[in-house]
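Listed below are the residues making up each chain.
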Amino acid sequence: MSLCIIAASKTATLAVSLFTLSWSHSVQKTEWRETWAVTPKGLEIREAAVKGSGAGMEPGPDARLRNGWWVWHPALPPQPRLSLAGSGATNGGWLLCHEGGCLTIGEASGDAAVLSPCP
């Protein structure tokens, strides 16, 4: 499977089956990360983790504290796409990491991207 990223009117393809998105909450400045799998059914979330809690950042009901992170497995059906928007209110945008490295998406206010399995 491959992940397609549409940003700034360009499409990039990553030959990955698993990736992690991480970002800092714009108000709490707390880090959040999610691990996603690229599958024939869509993008499937495998794990979510937050380095603390606060307004709009409550860990899931089955969260367990692991190495300073609240970690849980969200009950979310496969998603056909993830739409990301840069707020410009954080120190950086969305950090997308995979086996081959990392890239930043949505660093400036209004920057947007769509992630989806490639056809």
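K.L.:
For the nonpolar core, give the residues involved together with the corresponding values.
P.N.:
L3, F19, L21, L43, L96 and L115 are the most contacted members of the largest nonpolar core, which has 23 residues in total. When contributions to this core are tallied by element, the ones reaching two or more residues are β1 (3-7), β3 (18-24), β4 (31-39), β5 (42-50), β8 (82-85), β9 (94-98) and β11 (112-117).

K.L.:
So what about the sheet that holds β8? Which residues, and what values?
P.N.:
The pairing of strands in a sheet happens through backbone hydrogen bonds and is either parallel or antiparallel. The strand order across the open sheet formed by four strands is β2-β1-β11-β8, and the pairing between neighbours is antiparallel. Of all the strands in the sheet, the pair left with one neighbour each is β2 (10-14) and β8. The sheet shows a mean angle of 20° between the axes of neighbouring strands, direction not considered.

K.L.:
Please give an account of the side chain of E34 that cites residues and values.
P.N.:
Here E34 shows up in strand β4. Among the polar contacts made by the side chain of E34, one reaches the side chain of W36 at a distance of 3.1 Å. For E34, the contacting residues outside a window of four places in its chain are F19, T20, L21, W23, I45, E47 and A48.

K.L.:
For unusual backbone geometry, give the residues involved together with the corresponding values.
P.N.:
One non-glycine residue, N67, adopts positive backbone phi at about 55°. Residue classification places N67 among the exposed positions, given a relative accessible area of 72%.

K.L.:
Let's hear about the sheet that holds β5: which residues, and what values?
P.N.:
The seven strands are arranged β6-β7-β5-β4-β3-β9-β10 in an open sheet whose pairing can be described as antiparallel. Strand pairing shows two members of the sheet lacking a second neighbour, β6 (64-66) and β10 (101-105), which therefore form its edges. The mean angle between the axes of side-by-side strands here comes to 30°, regardless of whether they run parallel or antiparallel. In terms of strand pairing, β5 meets strand β7 (residues 69-72) through three bridges, oriented antiparallel.

K.L.:
Could you give an account of the confidence of the model for the chain, naming the residues involved and the relevant values?
P.N.:
Averaged over all residues, the pLDDT of the chain equals 87, while 83% of them reach at least 70. β5 holds the highest mean pLDDT among the elements of the chain, 96, whereas β8 holds the lowest, 89.

K.L.:
I'd like a description of the pattern of salt bridges, backed by residues and values.
P.N.:
Should their charged atoms come close, side chains of opposite charge can pair. According to the stated counting rule, one finds two salt bridges in the structure shown. Between E47 and R66 there is a salt bridge whose closest N-O contact spans 3.4 Å. With E47 in strand β5 and R66 in strand β6, the pair connects residues that are 19 residues apart, well separated along the chain.

K.L.:
Can you lay out the state of the cysteines for me, pointing to particular residues and giving the numbers?
P.N.:
This model, assessed by the stated rule, comprises two disulfides. Each disulfide pairs two cysteine sulfurs, and for C4 the partner residue is C118, the sulfurs being separated by 2.0 Å. Since a negative S-S torsion denotes a left-handed disulfide, the C4-C118 link at about 125° is right-handed. Of the two residues, C4 is situated in strand β1 and C118 in the segment after β11; the sequence distance between them amounts to 114 residues. Here the two residues C4 and C118 agree in accessibility, since each one is buried. Looking at the chain, its bonded cysteines, counted consecutively from the start of the sequence, adopt the pairing 1-4, 2-3.

Parameters at a glance
- Within each chain, residues carry numbers counting from 1 in the order of the written sequence.
- Where totals are concerned, whole chains, interfaces and linings use all residues; where local detail is concerned, this predicted model gives features only for residues with pLDDT of at least 70, and gives and counts side-chain atom pairs only at 80 or more.
- Side-chain numbers here rest on the full set of heavy atoms in the structure, without hydrogens or water.
- Residues belong to a common nonpolar core when they are buried Ala, Val, Leu, Ile, Met, Phe, Trp, Tyr or Cys residues joined through side-chain atoms within 4.5 Å.
- For the exposure calls, accessible area comes from a 1.4 Å probe over protein chains only, and a residue counts as buried if that area is under 20% of its type's maximum, exposed if over 50%, partly exposed in between.
- Helix and strand assignments follow DSSP, with helices taken as H or I runs no shorter than four residues and strands as E runs no shorter than two, numbered in order from the N terminus.
- Note on pairing: DSSP must find at least two bridges between two strands before they are called paired.
- Axis definition: a line fit to C-alpha positions, over the contact stretch in the case of helices; interaxial angles, taken between N-to-C directions, run 0 to 180 degrees.
- Polar contacts, as counted here, are pairs of nitrogen or oxygen atoms within 3.5 Å of one another; within protein the pair requires one atom able to donate a hydrogen and one able to accept it, and residues that are adjacent in sequence qualify only if both atoms are side-chain atoms.
- The contact criterion used is simple: two residues touch if any of their non-hydrogen atoms lie within 4.5 Å.
- pLDDT is a per-residue confidence score from the predictor, ranging from 0 to 100.
- By definition here, a salt bridge exists when the distance from a side-chain nitrogen of Lys or Arg to a carboxyl oxygen of Asp or Glu is within 4 Å.
- Any pair of cysteine sulfurs within 2.5 Å is marked as a disulfide.

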